[in-house]
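Tertiary structure, described
Listed below, chain by chain, are the residues.
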Amino acid sequence: KYLYQSSANTIYHTTKQTMDPVAGPSDVPDTLSIVSNVGIDETSDSAAAKDSKSAPKKRPVKVVKGARDFGPTEMAIREKAFKLVISVFESHGAVTIDTPVFELKETLADQYGEDSKLIYDLKDQGGEILSLRYDLTVPFARFIACNKIQNMKRYHISRVYRRDQPSVQRGRYREFYQCDFDIAGVYPLMVPDAEVIKVLVSLLDKLAGLSEFHYKRMGRFMIKMNHRQLLDSVFVICGVPKDKLRAISSAVDKLDKESWETVKKEMVVVKGLDESVADSIGEYVTISGEPFQVLEKLRKDPKIAEMKMATDTLNDMERLFRFLQAMGQDVISRISFDLSLARGLDYYTGVIFEAILVGDEKSSLGSIGAGGRYDNLV
């Protein structure tokens, strides 16, 4: 959209019409090449053909797959959104940090489950083996460990990289920004978990409140919640071998995008799970709804009642829901206790959550915010 031309050189280009959101229709370069002189001499056909053979081959100029350019208009919108996000983070006492865009490969290894294949590895230059960061969470844990920090509320807004198959419709890119808010330290049970959920609700409400347009796009959302230990308890109750817990959890994580029949087939055919065990899992992962109603239903399940880890986890979840209830109806009314939520990353150990848009038409964006507790990452 923006083309700057110097007095020393001219840029020869073919054009196509496009609509600039601010200025209206304009010519945009489709293919560019640099010509050394401002004037182009019109010579004979043979001379032109000779020159064309010696001229360098034109290459298309484009943005790499899975990435985007941001012009002044888009940047103004993004900066306004970032300022709003930061204001919410700082209102909860968070401070910001920055970390390198790459980390030691061994720091990132084995933290992301099946998604580890999406990490960009950098070419070995005869020194340390490095990879581009997949998220901002593992670098934060490394930062905490390196600096021997005991307690910290931090936010970090920066780019991350994933060797994924891009999908504009689902908002999936290979380079994108994450806005992270984390609480590290020792706190009363479920207090930081509740605060993180409150931050997410406040943030989404503020973004939705920018205008009527924003409210229509973002005003209706729901936060699905689950607990890794409860999910593991369900798997054990159903007969999943311990060495397959993470693999089956990764399969369940796809239920927001694929049907139960497809997920069950992956469990049985790809993961090698017995079909009867998969059917038992299906009876549990279809349970979701109002938090206290789901709690009551699970507590009445005789198999869950006999497993201490499951009952202890349900007690923890009730404590969390009571905190969220005390924070206001605008928070607890957005919560759905959903046993299908798994979150594919291996480092989660407790509460997990995911915010999605809801409305008359199902959004193709998937989650618009997510996270969870990770006790053993540092």
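Residues numbered from 1 in each chain as written. Predicted model: local features only at pLDDT ≥ 70, side-chain atom pairs only at ≥ 80, totals over all residues. Heavy atoms only, no water.

1. Let's talk about the pairing of strand β8 (residues 221-227)
Summarising burial for β8: 6 of the 7 residues are buried, a large majority. In the sheet, β8 pairs with strand β11 (residues 351-357) via 7 bridges, with the strands oriented antiparallel. Of the residues in β11, the one forming a bridge with F221 is L357. With 3 bridges joining them, β8 and strand β10 (residues 335-338) adopt parallel strand pairing. Pairing of M225 across the sheet is with F337, part of β10. (Buried < 20%, exposed > 50% of the residue type's maximum accessible area, 1.4 Å probe, protein only. Helix = DSSP H or I, 4+ residues; strand = E, 2+ residues; numbered from the N terminus. Pairing = 2+ DSSP bridges.)

2. Remarks on the packing of aromatic side chains
Under the definition given, this model contains 9 aromatic pairs. Between the aromatic rings of F89 and F181, the centroid separation amounts to 5.5 Å while the plane-to-plane angle is 35 degrees, which identifies the pairing as tilted. Of the two residues, F89 sits in helix α2 (residues 72-91) while F181 sits in strand β7 (residues 175-184), which places them 92 residues apart along the sequence. Each member of the pair F89 and F181 is classed as buried. (Phe/Tyr/Trp six-rings, centres within 6.5 Å; stacked < 30°, edge-to-face > 60°.)

3. Describing the confidence of the model for the protein
Confidence in the prediction for the protein averages 85 pLDDT; 84% of positions are at 70 or higher. At the low end of the mean pLDDT range in the protein sits strand β1 (residues 10-20), at 38; at the high end sits strand β3 (residues 95-96), at 98. A low-confidence stretch, residues 1-44 stays under pLDDT 50, and its non-local contacts, those more than four residues away or across chains, total 63 contacts. (pLDDT = per-residue confidence, 0-100. Contact = heavy atoms within 4.5 Å.)

4. Concerning helix α13 (residues 308-326)
Between its first and last C-alpha atoms α13 spans 27 Å; for 19 residues at 1.5 Å apiece the expected length is 27 Å, and the two agree. Taken from the residues just after α13, G328 is the one with a positive phi, measuring 125 degrees. (Expected span 1.5 Å × (residues − 1).)

5. Structural notes on the side chain of D338
Here D338 is to be found in strand β10. Notably, D338 is buried but unbridged: the nearest opposite-charge side chain belongs to K224, and the N-O separation is 4.3 Å. Apart from the residues within four sequence positions on either side, D338 is in contact with K224, M225, N226, V285, I287 and S288. (Lys, Arg positive; Asp, Glu negative; His and termini not counted. Salt bridge = Lys/Arg side-chain N within 4 Å of Asp/Glu carboxyl O.)

6. Re the sheet that holds strand β9 (residues 288-289)
In space, the 5 strands of this open sheet follow the order β9-β10-β8-β11-β12, with mixed pairing throughout. Each edge of the sheet is formed by a strand with only one pairing partner; in this case those strands are β9 and β12 (367-372). The sheet contact formed by β11 and β12 spans 5 bridges and is antiparallel. Residue pairing across strands places A355 opposite G369, the latter belonging to β12. Contacts from helix α7 (residues 228-238) reach β8, β10 and β11 within the one sheet, and its direction differs from that of β8 by about 60 degrees. Its contacts with the sheet place helix α11 (residues 291-299) against β9 and β10, and it is angled at close to 20 degrees to β10. (Axes fitted to C-alpha atoms, helices over the stretch in contact; angles between N-to-C directions.)

7. Describing the nonpolar core
One finds I223, M225, I281, F321, L324 and F337 to be the most contacted residues of the largest nonpolar core, which totals 63 residues. Per-element accounting of this core gives the leading share, 9 residues, to helix α5 (residues 191-208). In contact with I281, not counting residues within four places along its chain, are F235, C238, V240, I248, V252, W260, M267 and L273. Grouped together as the second largest cluster of nonpolar side chains are 20 residues, Y112, I119, F140 and Y348 included. (Core = buried A, V, L, I, M, F, W, Y, C linked by side-chain atoms within 4.5 Å.)

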